[in-house]
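Summary of structural features
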Amino acid sequence: MRTTVGIIGAGPAGLLLARLLHNAGIDSVVLESRDRSYVERRQRAGILEQGTVDVLREAGAGERMDREGLRHDGIELRFDRRRHRVDFPALTGGRSVMVYAQTEVCKDLIALQLKEGGPLLFEAEALAVEGAETDRPRIRFRHQGAEDVLECDYVVGCDGFWGVARAAVPDGRTFERTYPFGWLGILADVAPSHDELVYARHDRGFALLSMRSPSVSRLYLQVPADTDADDWSDERIWDELERRFETDDDWTLRRGPLTQKSVTPMRSYVHEPMRHGRLFLAGDAAHIVPPTGAKGLNLAVGDVVTLARALVHRTATGSDELIDAYSATCLRRVWQAERFSYDMTTLLHTAPDATPFENRLQVARLERITSSRAAETDLAEAYTGFPIG
Ligand code: APR
Ligand code: PHB
């Protein structure tokens, strides 16, 4: 098998890259180790920055998003039983975000790829990337019980944190931080209790109210990192959510039947550089953020937009200048998202070893954001997104 761009992984990064290349007349093959329904059901964050929304629309993948996605003009910060709304358009000159689940972004891109794009092989597991420093890099993979080789001009590792591509970038540096807590996430068949996301800091731990649709709620609780989701009965989850969201006004939490329950670990991670010869890393394969800032998918989109531009530029002009700039261009934006995600995480979560001084300081940081337009604008700008490129 031969192609121009061999893409490992059909998460948001790999699928969008294939779409952008197809639109520019560059052929690609996508290899995905899992099956289609697994990829379409994996629950992750669902907040699209304005820039991500624009990219999906321009790529011709925004039709259902525009019909079913929910535009959000703000979030609520909740602490000390008080509520504070951050108004995005007022603070950022009109920017907002879109609530549209990652599962739906993936479904839309998979349907387009299968209809119009190049090959997308499910249950095709990449085993190794070889010859990244040559003109003919290869992906060795296993599909339908047999081993095969995909020969490429370029290989892109969009294979997430646990993929194989990163191992083929030698002499890299990694920067990492793990957190002593995770998120217990639930999906519930009940209308969201608030029309915007609520980020709550509480002495018992962080809680987040989000949503998937007008009738499906997505909620999270900070829990210790080694938590087994089965130790949390539905009633215990609702009781704990209720305590962490409590306010002095008459706000109430609506309860409903749970349809999913799982624990996600929290990590900050960056691998530098994001390129070795003709192998590129994009999305979670190169960097992870804790979900508190909802940046993971948006970073992946920035990477593949930058890479698609570089490959199109190379095809049109024969120049490698954008390809050579790829890693540094992406990493500037990646580190801003790392910083913001870290800030949001340490602002809102109670660390098990935190001193009373540090806990009190969190409240002071929140009070600063809610009383200074400059501090609030800083949050709103970061949340609605940093420019790509
Ligand atoms: N061969 C083929 N596919 C692989 C391999 C492999 N060896 N290893 C992993 N994959 C696939 C995974 O099954 C997954 O579908 O690569 C895909 C990686 O997708 P994501 O983990 O979603 O990563 P990415 O596309 O970078 O997404 C970035 O979206 O999924 C979220 O948490 C993620 O928010 C982040 C953003
Ligand atoms: C989600 O809806 O899953 C979600 C939203 C915002 C976050 C993280 C997750 O910061």
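Residues numbered from 1 in each chain as written. Chains lettered and ligands numbered in written order. Predicted model: local features only at pLDDT ≥ 70, side-chain atom pairs only at ≥ 80, totals over all residues. Heavy atoms only, no water.

**Let's talk about the overall build of the protein chain**
Within the protein chain one finds 11 helices and 19 strands. Its C-alpha atoms give the protein chain a radius of gyration of 21 Å, within 12% of the compact-globule value 21 Å for 389 residues. By its C-alpha atoms, the protein chain is 65 × 40 × 40 Å across when sized along the principal axes. Burial analysis of the protein chain (389 residues in total) assigns 55% to the buried set. Long-range contacts, defined here as pairs at least 24 residues apart, represent 71% of the contacts in the protein chain between residues at least 6 apart. For the protein chain, the exposed surface amounts to about 16,500 Å²; the carbon and sulfur share of it is 47%. (Helix = DSSP H or I, 4+ residues; strand = E, 2+ residues; numbered from the N terminus. Rg over C-alpha atoms; globule rule 2.2 N^0.38 Å. Buried < 20%, exposed > 50% of the residue type's maximum accessible area, 1.4 Å probe, protein only. Contact = heavy atoms within 4.5 Å. Areas by Shrake-Rupley, 256 points an atom, 1.4 Å probe, with all protein chains shown as cover.)

**Description of the sheet that holds strand E5 (residues 74-79)**
Spatial strand order, E6-E5-E13-E14-E15-E12-E16-E19: eight strands in an open sheet with mixed pairing. The open sheet has two edge strands with one neighbour each: strand E6 (82-87) and strand E19 (287-288). As judged from the 13 bridges shared by strand E12 (residues 173-188) and strand E16 (residues 258-272), these two strands associate in the antiparallel manner. Counterpart to leucine 187 in the pairing with E16 is glutamine 260. The strands that helix H11 (residues 373-384) touches are E5, E6 and strand E13 (197-200); relative to E6, the one it contacts most, it runs at about 60°. (Pairing = 2+ DSSP bridges. Axes fitted to C-alpha atoms, helices over the stretch in contact; angles between N-to-C directions.)

**Re the sheet that holds strand E4 (residues 70-72)**
Taken in spatial order, the three strands make up an open sheet running E3-E7-E4, and their pairing is antiparallel. Unpaired on one side and paired on the other, strand E3 (47-49) and E4 mark the two borders of the sheet. Taken pair by pair, the neighbouring strands of this sheet meet at an average axis angle of 30°, ignoring direction. Across three bridges, E3 lies against strand E7 (residues 97-99) in antiparallel orientation. Paired with leucine 48 across the two strands is methionine 98, which belongs to E7. Packing of helix H3 (residues 50-58) onto the sheet brings it into contact with E3 and E7, and relative to E3 it is tilted by some 85°.

**A short note on the packing of aromatic side chains**
Taken as a whole, this structure holds 13 aromatic pairs when the rule is applied. Ring geometry for phenylalanine 161 against tryptophan 162: centres 4.9 Å apart, planes inclined by 80°, an arrangement best described as edge-to-face. Here phenylalanine 161 and tyrosine 269 contribute two aromatic rings whose centre-to-centre distance is 5.0 Å and whose plane-to-plane angle is 85°, an arrangement assigned as edge-to-face. Separated by 108 residues along the polypeptide, phenylalanine 161 in the loop between strand E11 (146-157) and E12 and tyrosine 269 in strand E16 bring together distant segments of the chain. Taking the relative accessible area as the measure of exposure, phenylalanine 161 reaches 12% and is therefore buried. Site record: aromatic cluster; members linked through ring pairs are Phe88, Trp183, Tyr199, Phe206, Tyr220, Phe340 and Tyr383. Above the face of the tryptophan 251 ring, arginine 78 is positioned so that its terminal group lies 4.1 Å from the ring centre. A cation sits over an aromatic face here: lysine 295 above tyrosine 383, 5.8 Å from the ring centre. (Phe/Tyr/Trp six-rings, centres within 6.5 Å; stacked < 30°, edge-to-face > 60°. Lys NZ or Arg CZ within 6 Å of the ring centre and 35° of its normal.)

**Observations concerning the site of ligand 2**
Around ligand 2, the structure places 15 residues, and the nearest of them are Tyr199, Ser210, Arg212, Tyr220 and Pro291. At a separation of 2.8 Å, an oxygen atom of ligand 2 approaches a polar side-chain atom of arginine 212. Here an oxygen atom of ligand 2 and a backbone polar atom of proline 291 are 2.8 Å apart. Among the elements of the structure, E13, strand E14 (207-213) and strand E15 (216-224) are those that each provide at least two residues to the shell around ligand 2. (Near = heavy atom within 4 Å. Polar contact = N/O pair within 3.5 Å; in protein donor to acceptor, adjacent residues only side chain to side chain.)

**Here's the deal with the site of ligand 1**
Residues in contact with ligand 1 amount to 26 residues; listed here are only the nearest, Glu32, Arg44, Gln102, Ala126 and Asp284. Taking alanine 13, its main chain carries an N or O atom lying 3.0 Å from an oxygen atom of ligand 1. Between ligand 1 and aspartate 284, the relevant distance is 2.8 Å, taken from an oxygen atom to a main-chain nitrogen or oxygen of the residue. Bound to the protein, ligand 1 loses 90% of the 700 Å² it would expose on its own.

**Observations concerning the domain arrangement of the protein chain**
Interfaces are often sized by the accessible area lost when the parts come together. You can read the domains of the protein chain as domain 1 (5-72 + 101-175 + 267-344) and domain 2 (178-266 + 352-384). Each of domain 1 and domain 2 has a C-alpha centre, and these two points are 29 Å apart. Contact residues are listed per partner, giving 22 residues for domain 1 and 22 residues for domain 2. For the pair domain 1 and domain 2, the summed buried surface comes to about 1,800 Å²; carbon and sulfur atoms form 62% of the total. (Domains from an automatic or database assignment. Buried area = accessible area lost by both parts, 1.4 Å probe.)

**Comments concerning the side chain of threonine 3**
Along the chain, the position of threonine 3 falls in strand E1 (residues 2-8). Discounting chain neighbours no more than four positions away, the residues touching threonine 3 are Asp27, Ser28, Val29, Leu150, Glu151, Cys152 and Asp153.

**Considering the pairing of strand E10 (residues 138-143)**
Judged from the six bridges that link them, strand E9 (residues 124-130) and E10 form a sheet pairing that is antiparallel. Bridging across to E10, alanine 126 finds its partner in phenylalanine 141. Between the end of E10 and the start of E11, which pair antiparallel, lie two residues, with glutamine 144 showing a positive phi angle near 50°.

**Examining the environment of proline 265**
Positionally, proline 265 belongs in strand E16. With 191 residues separating them along the chain, proline 265 and glycine 74 place their C-alpha atoms 26 Å apart.

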